[in-house]
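Chain and residue survey
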Amino acid sequence: MKSATASLVVLLAIGSAAAVAADWPERYVNNQPAEGDLVLPMPCDGAMVFRQVDVPSADVLDDYKVEIGAHDPQRSFMEHARPAFISAPFAGAADGRRSYYLGKYEVTELQFHAFDEPCPAVDEDGWLPATGVTWAEATSFAETYTAWLWENHQELVPSIDDAPGFVRLPTEDEWEFAARGGAAVSPGAFQARLFPMDDAPARYVWYDAAESANRELNVTGLLRPNPLGLHDVLGNVAELVADPFRLVLVGREHGRAGGFVKRGGDFRTKLASLHSGLREEFSPLGRDGLRREPTTGFRLALVAPSLTSREGIATIRESWTALAAAIEAAEAIGAERADPVEEATILAEAVDNEEIAQRLLNLARVVETNIAERNQERARAARERLRSAVFIARRFDLQHVLDERICGRFEEMGGETWARQEPGCRRAAAAFATDADYYVDIALTLGDEYAPDLLEKQATILRSEFGARGNPDSASAVIQVVDDVGLLRDGGSSMKSVIIDGWRRRISP
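1. Concerning the environment of Val 481
Inspection of the secondary structure puts Val 481 in helix α13 (residues 472-491). In this structure, the C-alpha to C-alpha distance between Val 481 and Leu 386, residues 95 residues apart in sequence, is 7.6 Å. Not counting the four nearest positions on each side in its chain, Val 481 is found in contact with Leu 386, Ala 389, Val 390, Ala 393, Tyr 439 and Trp 503.

Next up, the structure:
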């Protein structure tokens, strides 16, 4: 991969020719380099930097349910909290994570004009976010950049099934998932108004206050990033996304589509009003013609087509068929039950009345959709029970086992030392026994209510979630929880002592 200062003197095959190379200092391209940066070249010796956004996954049709929006009753008609489902095109992580990419910084003036002829002048203003851009111009810029990358540096662009990725405006859900910190933060931190910060908000966000933006636009990348390494994702300039603006009813978007959406607030937004669910409508026209706002810019997403090859389509079709199956393997043992979708379809083919046949086919589609939704909810419930089991099991790793060892040493000392410590050690032992019983109960329930293949798949998703959060110990604990469920499924509660001893051994003496 070429660096931000690699020499690119090329004639564009699309649009106008940028024939004169410019020299972009690194601060104009990547002011705060970090591990994991994806740097893609641009004309005029420029570059754009992207950050990988991981989405826990185990299958091509998996999508990750989160809650986006806010709970401010004054703005509920625009921002009411609702479920969103995130997925991503690029696979490759060993734990099953999929990913998309989002611009590390807002698109700058230099980057926006990199396709001009001659190349833009390199000065301090070029480091500012590109503003006064219409939605159509932002979309056109993404299209032009994609065409240039494919023509000149396709080998550097992530691909899927040999289909190269492309850049576009992010969707609202992609933008907010990344702005909140994605899978790199806990569910509780994800739903907070602002992404996790180790210092004052002024160190992370440009907002309207003397200690921050002071109502002035600022250059990109000066402040600290969010947990995914994205800079200025809140404040500075509001960012256009791909979606049309819709009002929000309770739990869903309203059917009427208006202008476009801009996200994240800008340098005129007060800190009290700034939050990750902040959204506003961007009407494409104003009284003076095309709307060009000095407070609105954009950043790009790097994604890939959903349908990339015949083999990929076949995989999706197989996954959908499995998702909509009426009976899980474990539930079907010893059961003589017909698939209601198949039965309705067969009946539709057998009747002569065209209207009745169509009604039966419509019924089959409704049943199929309901079964798929039921199975998805069931899978998410299994994953949350696995998460609870991991939480309890990690106490064996961290607290209880250490308490046992320390108390054992006190007991060996005897005398006054043991007399002082004995009550606390008795309480610790009682807490250990309670947690052990609770853990075994959860594991027994998991084995009784969910088929092994379902648990394995949800365990893969949970491991990828913990991996994205930088928590390898919890990811490892998921494997042991699934093994314990198998032991209990085969041997019943008599395996309790074996299971608890297994957790004790995870910490070496």
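2. Overview of the packing of α13 against helix α14 (residues 496-504)
Two elements in contact, α13 and α14, have axes whose closest approach is 10 Å; the angle formed by their N-to-C orientations is 165 degrees. Compared by their axis directions, α13 and α14 come out roughly antiparallel. Crossing hand, α13 versus α14: right-handed. Here Ala 477, Gln 480, Val 481, Asp 484, Leu 487 and Leu 488 of α13 come into contact with α14, specifically with Ile 499, Gly 502 and Trp 503. For the contact of α13 with α14, a count of residues per class yields 6 nonpolar, 2 polar and 1 charged.

3. Here we look at the pattern of salt bridges
Taken as a whole, this structure holds 30 salt bridges when the rule is applied. A salt bridge links Asp 37 to Lys 104, with the shortest nitrogen-to-oxygen separation between them at 2.9 Å. Here the residue Asp 37 occupies a position in the loop between α1 (26-29) and β1 (38-42), and Lys 104 occupies one in the loop between β6 (98-103) and α3 (109-112), the gap between them amounting to 67 residues. By relative accessible area, which is 16% here, Asp 37 ends up buried. We note a salt bridge from Arg 263 to Glu 176, for which the minimum N-O separation is 2.8 Å.

4. Topic: unusual backbone geometry
The peptide bond linking Glu 117 to Pro 118 adopts the cis configuration, its omega dihedral lying at 0 degrees. Topologically, Pro 118 is positioned in the loop between α3 and α4 (135-152). The phi dihedral of Asp 45 is positive, around 60 degrees, even though this residue is not glycine. Here Asp 45 shows up in the loop between β1 and β2 (46-55). At Asp 161, a position not held by glycine, the phi torsion is positive, near 50 degrees.

How each quantity is defined
- Residues numbered from 1 in each chain as written.
- Predicted model: local features only at pLDDT ≥ 70, side-chain atom pairs only at ≥ 80, totals over all residues.
- Heavy atoms only, no water.
- Helix = DSSP H or I, 4+ residues; strand = E, 2+ residues; numbered from the N terminus.
- Contact = heavy atoms within 4.5 Å.
- Axes fitted to C-alpha atoms, helices over the stretch in contact; angles between N-to-C directions.
- Parallel < 35°, antiparallel > 145°, perpendicular 65-115°, else oblique.
- Left-handed = near helix turned anticlockwise from the far one by under 90°.
- Nonpolar A, V, L, I, M, F, W, Y, C, P; charged D, E, K, R; others polar.
- Salt bridge = Lys/Arg side-chain N within 4 Å of Asp/Glu carboxyl O.
- Buried < 20%, exposed > 50% of the residue type's maximum accessible area, 1.4 Å probe, protein only.

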